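# Structural overview
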Amino acid sequence: MTAPKGWCPSIWRPMPTEDGLLARLRPHMNRLTATQALEICDLAETTGSGLLDLTNRASLQLRGLRPDTHGTLLDGLRALDLLDPNLDTETRRSLLVTPFWQPNDMTHRLATAFRDRLQDVPKLPAKCGTVIDTGPTPCLTDTPGDIRIERSTTGLIVRADGSPTGLPVTEDTAIDAAINLAHWFNTHRTPDRRRMAHVVAHTPLPDTYTGTAPRPATKPTHPFTEVSTNGRITAAALRDLLTTSRATALRLTPWRSLLLENAAPNTPTALPYVHTVTEPL
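Moving on to the packing of aromatic side chains. One pass over the full model with this rule turns up one aromatic pair. Measuring from centroid to centroid gives 5.9 Å for Phe-100 and Trp-255, while their planes differ by 25°, and the two rings are stacked. Highlighted residues: Phe-100 in the loop between β6 (95-97) and α4 (106-116) and Trp-255 in the loop between β13 (249-252) and β14 (257-261), separated in sequence by 155 residues. Classification of Phe-100 as buried rests on a relative accessible area of 16%. One residue, Arg-251, lies across the ring of Trp-101, its end atom 3.9 Å from the ring centre.

Okay, the sheet that holds β6 next. Spatially, β6-β7-β8-β9-β10 is the arrangement adopted by the five strands of the open sheet, whose pairing is mixed. The open sheet has two edge strands, β6 and β10 (167-169), and neither has a second partner. Going across the sheet, the axis of each strand differs from the next one's by a mean of 20°, ignoring polarity. As paired strands, strand β8 (residues 147-151) and strand β9 (residues 156-160) are joined by five bridges and run antiparallel to one another. Its bridge partner being in β9, Ile-149 is matched across the sheet by Val-158.

Moving on, we come to the state of the cysteines. Applying the stated rule across the entire model yields zero disulfides. Cysteine Cys-128 is unpaired, with the sulfur of Cys-8 as its nearest cysteine sulfur at 9.1 Å. Cys-128 gets classed as buried once you look at its relative accessible area, which sits at 4%.

This part takes up the packing of helix α1 (residues 34-47) against helix α2 (residues 67-79). Packing of α1 against α2 leaves a shortest axis separation of 10 Å and a crossing angle of 170°. Overall, the two elements α1 and α2 adopt an arrangement that is roughly antiparallel. Mapping the contact onto sequence places Ile-40, Leu-43, Thr-46 and Thr-47 in α1 and Thr-69, Thr-72, Leu-73, Gly-76 and Leu-77 in α2. In terms of residue class, the contact of α1 with α2 is made up of four nonpolar, five polar and no charged.

What counts and how
- Residues numbered from 1 in each chain as written.
- Predicted model: local features only at pLDDT ≥ 70, side-chain atom pairs only at ≥ 80, totals over all residues.
- Heavy atoms only, no water.
- Phe/Tyr/Trp six-rings, centres within 6.5 Å; stacked < 30°, edge-to-face > 60°.
- Helix = DSSP H or I, 4+ residues; strand = E, 2+ residues; numbered from the N terminus.
- Buried < 20%, exposed > 50% of the residue type's maximum accessible area, 1.4 Å probe, protein only.
- Lys NZ or Arg CZ within 6 Å of the ring centre and 35° of its normal.
- Pairing = 2+ DSSP bridges.
- Axes fitted to C-alpha atoms, helices over the stretch in contact; angles between N-to-C directions.
- Disulfide = S-S within 2.5 Å.
- Parallel < 35°, antiparallel > 145°, perpendicular 65-115°, else oblique.
- Contact = heavy atoms within 4.5 Å.
- Nonpolar A, V, L, I, M, F, W, Y, C, P; charged D, E, K, R; others polar.

What follows is the structure, encoded as structure tokens:
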């Protein structure tokens, strides 16, 4: 099965492009261990062209796949525990988290709770997604997302994209509130209004989902080495970066860069651009 050109591709449903099929990988917490990333480099070269894109949804795209190599890619990702069981699960698990999360912090806990509730999440249009921006300093304010779990000055809120304010919640009630908002959106969306902001512009939100403003975004400090990729890298360049940096893991960001965990101090902070990206990321 392939996605029509211009639609959101996925691993289970790649999209035809000028250079072959394009598949989009969304790892949990937008993170890959070094072992997983190195195996993906091999898969990118054996099943496709070896070109990789980083998207503004913190996803990794593998380019130049062929219909006869797609099954090999699925098998390889399944062995790495990076493959959702089916397309339906993959579609529902459209989640972007602040890349500066720490193990078992609030962002990590909320994202895990969201993943555990996927059966309750309605099936939404392919481009829709949820953002969890609950680190000490919000940093995803300008990153696209239809349903947002954010910090206010006093706690947490769940906010619909397009609304300046949201619903105050606790960590225990945030996922329920986000899922309820997804169902509200699903009830009111139309073929011409397929994103939350479009719906909110024409249909008033329930009063309970307004009233509390999010905390303003600031530039966070973090312990990672950030490597600029300008959106596209080769598998060979990524393999070399992981080997020379001795990083233990990498995180995908919505700014088309990589964050390296535990990288060596002399790690280069830029990778060369390969060539112009012709399709939107």
